[in-house]
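Overview (structure and organization)
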Amino acid sequence: MDIKVKDALRKEVILVNSNITVENLNEIMLLKKLEEVLVVDDNDKIVGIITRNDLAKSIARGIPLETNIKDIMTTDVFFLHPEKPLLQARSEMRILSINRAPVLDDNGQLLGILTAKNICDAFSGQLEKVVQFQSLIMDNIKTAICILNDKCEILAYNKAFEQLFKPSKIFK
């Protein structure tokens, strides 16, 4: 049940050339409601990343709108491999204080981008599966099972326990 980066990444990524202006990028990001764009050079090599927050800060500081985005982009881009365990990727991203990273295959081809939201969604999906599996097991065990917390409060019980002790009448 080891989730990999490739299982959580978002494939839709917008690439923009490093020579476009702040004004043009702002229009693109507003119209398409983008959180980030990857910046590429004339050879389509990723040379930077700009988030909506980065762009807003630059505009708020009064940067001229005709400035090329290569002057405001983050150039130290952290890349992930699609086979990397998601937990490890999350840890590395936290250490670096970043919320997104492009994902490249062994040939350096862009596969997508991994964001903090993607990570949360992937783990939430796995958690839902675990809870469903636990419920399935609990409901099919014929022995009465009751799970208590450290204060002896009932956290969960199965159907056999319910039939034997009728807790819904006791604990309502």
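Note that this is a predicted model, so its numbers are computed, not measured.

**As for the pattern of salt bridges**
According to the stated counting rule, one finds 7 salt bridges in the structure shown. Note that K6 is salt-bridged to E83, the shortest N-O span being 2.8 Å. Within this pair, whereas K6 is found in helix α1 (residues 5-8), its partner E83 is found in the loop between α3 (52-60) and α4 (86-96), the two being separated by 77 residues in sequence. Given a relative accessible area of 42%, K6 falls into the partly exposed group. Measuring nitrogen to oxygen at the nearest pair gives 2.8 Å for the salt bridge that ties R100 to E36. Here the residue R100 occupies a position in strand β4 (residues 100-104), and E36 occupies one in strand β2 (residues 36-40), the gap between them amounting to 64 residues. Assigned by exposure class, R100 and E36 land together as buried.

**Considerations on the packing of α4 against helix α5 (residues 116-140)**
With their axes 11 Å apart at the nearest point, α4 and α5 run at an angle of 145° to one another. The hand of the α4/α5 crossing is left-handed. Contact with α4, carried on its side by L86, L87, R90 and M93, involves I119, A122 and F123 of α5 and no other residues of that element.

**Comments concerning the packing of helix α2 (residues 22-32) against α3**
Describing two packed helices takes the angle between their axes plus the distance from one axis to the other. Between α2 and α3, the least distance of the axes is 11 Å, while the angle of their chain directions is 135°. Between α2 and α3, the interaxial angle falls into the category oblique. Helix-helix and strand crossings are classified by hand; for α2 and α3 the assignment is left-handed. Between α2 and α3, the residues in contact are V22, L25, N26 and M29 and R52, L55 and I59, respectively. Within the contact of α2 with α3, the residues separate by chemical class into 5 nonpolar, 1 polar and 1 charged.

**Overview of unusual backbone geometry**
Despite not being glycine, D44 has its phi angle at roughly 60°, a positive value. As for its position among the elements, D44 is in the loop between β2 and β3 (46-51). Residue D44 is classed as exposed on the basis of its relative accessible area, which comes to 58%. Although it is not a glycine, C152 sits at a positive phi angle of roughly 60°.

**Examining a nonpolar patch on the surface**
A cluster of nonpolar residues, F133, L136, I137 and I141, forms a patch on the protein surface that exposes about 360 Å² of accessible area. Within the element layout of this structure, I137 appears in helix α5.

**Considering the side chain of N158**
Position of N158 relative to the elements: it lies in the loop between β7 (154-157) and α6 (159-165). At 3.0 Å, the side chain of N158 and the backbone nitrogen of I145 are in polar contact. Of the polar contacts made by the side chain of N158, one reaches the backbone nitrogen of F161; its length is 3.0 Å. Excluding residues within four positions of it along the chain, N158 makes contact with M138, D139, I141, T143, A144 and I145.

**Examining the side chain of E36**
For E36, a relative accessible area of 4% corresponds to the buried category. Only 2.4 Å separates the side chain of E36 from the side chain of R10, close enough to count as a polar contact. Among the polar contacts made by the side chain of E36, one reaches the side chain of R100 at a distance of 2.8 Å. Ignoring any residue separated from it by four or fewer positions in sequence, one finds E36 in contact with R10, M29, I50, T51, R100, I113 and T115.

Scoring rules and cut-offs
Residues numbered from 1 in each chain as written. Predicted model: local features only at pLDDT ≥ 70, side-chain atom pairs only at ≥ 80, totals over all residues. Heavy atoms only, no water. Salt bridge = Lys/Arg side-chain N within 4 Å of Asp/Glu carboxyl O. Helix = DSSP H or I, 4+ residues; strand = E, 2+ residues; numbered from the N terminus. Buried < 20%, exposed > 50% of the residue type's maximum accessible area, 1.4 Å probe, protein only. Axes fitted to C-alpha atoms, helices over the stretch in contact; angles between N-to-C directions. Left-handed = near helix turned anticlockwise from the far one by under 90°. Contact = heavy atoms within 4.5 Å. Parallel < 35°, antiparallel > 145°, perpendicular 65-115°, else oblique. Nonpolar A, V, L, I, M, F, W, Y, C, P; charged D, E, K, R; others polar. Patch = residues over 30% accessible without salt bridge, like charges linked within 9 Å, V, L, I, M, F, W, Y side chains within 5 Å. Areas by Shrake-Rupley, 256 points an atom, 1.4 Å probe, with all protein chains shown as cover. Polar contact = N/O pair within 3.5 Å; in protein donor to acceptor, adjacent residues only side chain to side chain.

Function-wise, these values are silent; they only describe arrangement.
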